[in-house]
Amino acid sequence: MEEASVLQEFILDYLHMVMPNADISSLSYYITALMLVGLCAIVSLLITRFIVSERVTRFALKTRTDWDDILHKNHFFRRCGHIVPAIVIAVVAPLLLSHDSRVLLIIERISMLYLAIASLLIISAVLNTIEDIYKTSRLAKRAPITGFIQVAKLLFTIIVILLIISLLINKSPVILLSGMTAIAAVLLLVFRDTILGFVAGIQIAANRMFNTGDWIAMPKYEVDGEILEIGLTNVKVQNWDKTISTLPTYSLTTEAVKNWRGMSESGGRRIKRAIHIDLRSVRFCDEDMLKSFANIRYISSYIETKRHELRHYHQESKIDESDLLNSRKLTNLGTFRAYLEKYLRNHTKLNQEMTTMVRQLPPSELGLPLEIYCFSANKNWVDYEGIQADIFDHVVSMLPLFGLRAYQRDNIATMPEVN
């Protein structure tokens, strides 16, 4: 009180030089006091920023740790500087203005508002720092926390807004909270996506369903690409054509989504493609064909084993090999399938520890599908497509050597007969 009266008398002495009738309740005194309060706040802010930029920032950038650099990147130290002017206003104003003054009450509320907003900005910077540090850890590959960070920001923002409103209307925040039950239904409608996104975020994190960097496909939304960010209300996906799709977060838990993470973490990427064989080209192998097939490195032992097996069968069953009705013979399609299996088993770019097979699918009006099922050891998209193309280049090229041809509807009428 004594310091306040001394300062007030000091200011009045200078005002009396210009305005002899000025007193502590005059307009000129209030303007002068407000200018001094504002000047003190500005000077304190400039001094604080100088200290932060010249001392704190340099010290943070020189340290070996990364967290202080991330704090600097998110403007944490700069935002902390705004607390000092708010405190200066709250301290200086009562010294220059009378305690029963309405202007002092307004200034104190302004300083409280300033302090609340500055605190919210500081909390936001801290939360951004936590998120950035978390993204560099191994846990980030298992469970994203972007949604939880956004929820925390939302909660702190709501708290600050309630405090600001309570300061403006001079009512307790508890009264505001008790009155919010009347508008709960409206809030549920307004924050519907936020609530659904928050619940979905908990499910995604708890079950490790998705994470940033995962390749997902959602045909309903024409999405096929990599997740950039999983937020509270939205998920950003960069498609392979470099477009960016934005989806509601809860759609990841309510819609059908294919996540390719399992493929990325496995030992290979699946190749599952069929070539349709013209049924009219399938036939029994004659002796000349078997001799020709025996020269193929991959199936030479197969041909020899099968010929011995059939010869033994015919002898035991007393069947003449020339008897087409009762004898067993190899077919060019079966031999070709055996060749493809051996070819895939010896392919250096396939993962031989995973399923590898060549199978027949049910025939249709398009011919007999012969499907190759295996896994490329290289999961890179470009390399994978090249390996798959090389395999089927070889398959198509080998068909004539086995007396087979692929079904092709457009040219079926002009295709030469296989002799």
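Look a little higher up for the structure.
These notes cover the structure that comes with them. Please read these numbers as outputs of a predicted model, since none were measured by experiment.

### Let's talk about the overall build of the protein chain
Reasoning step 1: Helix and strand counts for the protein chain stand at 16 helices and 8 strands.
Reasoning step 2: Relative to its 419 residues, the protein chain shows a buried fraction of 37%.
Reasoning step 3: For the protein chain, the accessible surface area stands at approximately 25,500 Å², while carbon and sulfur atoms represent 61% of it.

### Quick word on a nonpolar patch on the surface
Reasoning step 1: On the surface, Leu36, Leu39, Val43, Ile47, Phe50 and Ile51 cluster together into a nonpolar patch covering about 520 Å² of accessible area.
Reasoning step 2: Counting through the fold element by element, isoleucine 51 comes out in helix α2 (residues 27–62).
Reasoning step 3: Since its relative accessible area comes to 42%, isoleucine 51 is described here as partly exposed.

### Some points on the packing of helix α15 (residues 332–345) against helix α16 (residues 381–398)
Reasoning step 1: At their nearest, the axes of α15 and α16 sit 12 Å apart, and the two run at 150° to each other. Overall, the two elements α15 and α16 adopt an arrangement that is roughly antiparallel. In the crossing of α15 with α16, the sense of the turn from one axis to the other is right-handed. Between α15 and α16, the contacting residues are Phe336, Tyr339, Leu340, Tyr343 and Leu344 on the first element and Asp390, Ile391, His394, Val395 and Met398 on the second.
Reasoning step 2: When the residues that make up the contact of α15 with α16 are grouped by side-chain class, the tally is 8 nonpolar, 1 polar and 1 charged.

### A look at α15
Reasoning step 1: The end-to-end C-alpha distance of α15, which contains 14 residues, comes to 20 Å, matching closely the 20 Å that a straight helix rising 1.5 Å per residue would cover.
Reasoning step 2: Buried residues dominate α15, accounting for 10 of its 14 residues.
Reasoning step 3: Within α15, burial applies to Asn332, Leu333, Gly334, Thr335, Phe336, Ala338, Tyr339, Leu340, Tyr343 and Leu344.
Reasoning step 4: The secondary structure elements touched by the buried residues of α15 are β6 (269–277), α13 (287–293), α14 (300–317), β7 (357–360), β8 (368–376) and α16.

### Observations concerning the pattern of salt bridges
Any two side chains of opposite charge can pair if their charged atoms end up close together.
Reasoning step 1: The final tally for this structure, using the stated rule, is 11 salt bridges.
Reasoning step 2: Two residues, lysine 272 and glutamate 371, come together in a salt bridge whose shortest N-O distance is 3.4 Å. In this pair, lysine 272 sits in strand β6 while glutamate 371 sits in strand β8, placing the two residues 99 residues apart along the sequence.
Reasoning step 3: Overall, lysine 272 belongs to the partly exposed group, its relative accessible area being 39%.
Reasoning step 4: Since its relative accessible area comes to 4%, glutamate 371 is described here as buried.
Reasoning step 5: The closest approach of N and O atoms between arginine 280 and aspartate 278, which form a salt bridge, is 3.7 Å.
Reasoning step 6: Among the residues examined, arginine 280 registers a relative accessible area of 53% and is labelled exposed.
Reasoning step 7: Salt bridges sharing partners connect three or more residues here, namely Lys272, Arg359 and Glu371.

### Focus on empty space enclosed by the protein
Reasoning step 1: Enumeration over the complete set of coordinates arrives at 1 cavity of 30 Å³ or more.
Reasoning step 2: Considering only enclosed or pocket space, the largest cavity measures out at about 80 Å³ in volume.
Reasoning step 3: Forming the walls of the largest cavity are Pro144, Thr146, Gly147, Phe148, Gly197, Phe198, Gly201, Ile202, Ile204, Ile230, Gly231 and Thr249.
Reasoning step 4: Residue assignment for the lining of the largest cavity shows that the elements contributing at least two residues are α7 (146–169) and α10 (192–207).
Reasoning step 5: It is α10 that provides the largest number of residues to the lining of the largest cavity, a total of 5 residues.
Reasoning step 6: Of the residues belonging to the lining of the largest cavity, the class tally is 6 nonpolar, 6 polar and no charged.

### A short note on the nonpolar core
Reasoning step 1: The biggest cluster of nonpolar side chains holds 34 residues, and the ones touching the most others in it are Phe336, Tyr339, Ile391 and Phe402.
Reasoning step 2: Of all the elements in the fold, those that place two or more residues in this core are β6, α13, α14, α15, β8 and α16.
Reasoning step 3: In this structure, Ile89, Val92, Leu96 and Leu104 belong to the second largest nonpolar core, which totals 12 residues.

Parameters at a glance
- Residues numbered from 1 in each chain as written.
- Predicted model: local features only at pLDDT ≥ 70, side-chain atom pairs only at ≥ 80, totals over all residues.
- Heavy atoms only, no water.
- Helix = DSSP H or I, 4+ residues; strand = E, 2+ residues; numbered from the N terminus.
- Buried < 20%, exposed > 50% of the residue type's maximum accessible area, 1.4 Å probe, protein only.
- Areas by Shrake-Rupley, 256 points an atom, 1.4 Å probe, with all protein chains shown as cover.
- Patch = residues over 30% accessible without salt bridge, like charges linked within 9 Å, V, L, I, M, F, W, Y side chains within 5 Å.
- Salt bridge = Lys/Arg side-chain N within 4 Å of Asp/Glu carboxyl O.
- Axes fitted to C-alpha atoms, helices over the stretch in contact; angles between N-to-C directions.
- Parallel < 35°, antiparallel > 145°, perpendicular 65-115°, else oblique.
- Left-handed = near helix turned anticlockwise from the far one by under 90°.
- Contact = heavy atoms within 4.5 Å.
- Nonpolar A, V, L, I, M, F, W, Y, C, P; charged D, E, K, R; others polar.
- Expected span 1.5 Å × (residues − 1).
- 1 Å grid on protein atoms, 1.4 Å probe; cavity = no way out; pocket = protein on both sides within 12 Å on 5 of 7 lines; lining within 4 Å.
- Points joined across faces, edges and corners; volume = space filled by probe spheres on them.
- Core = buried A, V, L, I, M, F, W, Y, C linked by side-chain atoms within 4.5 Å.

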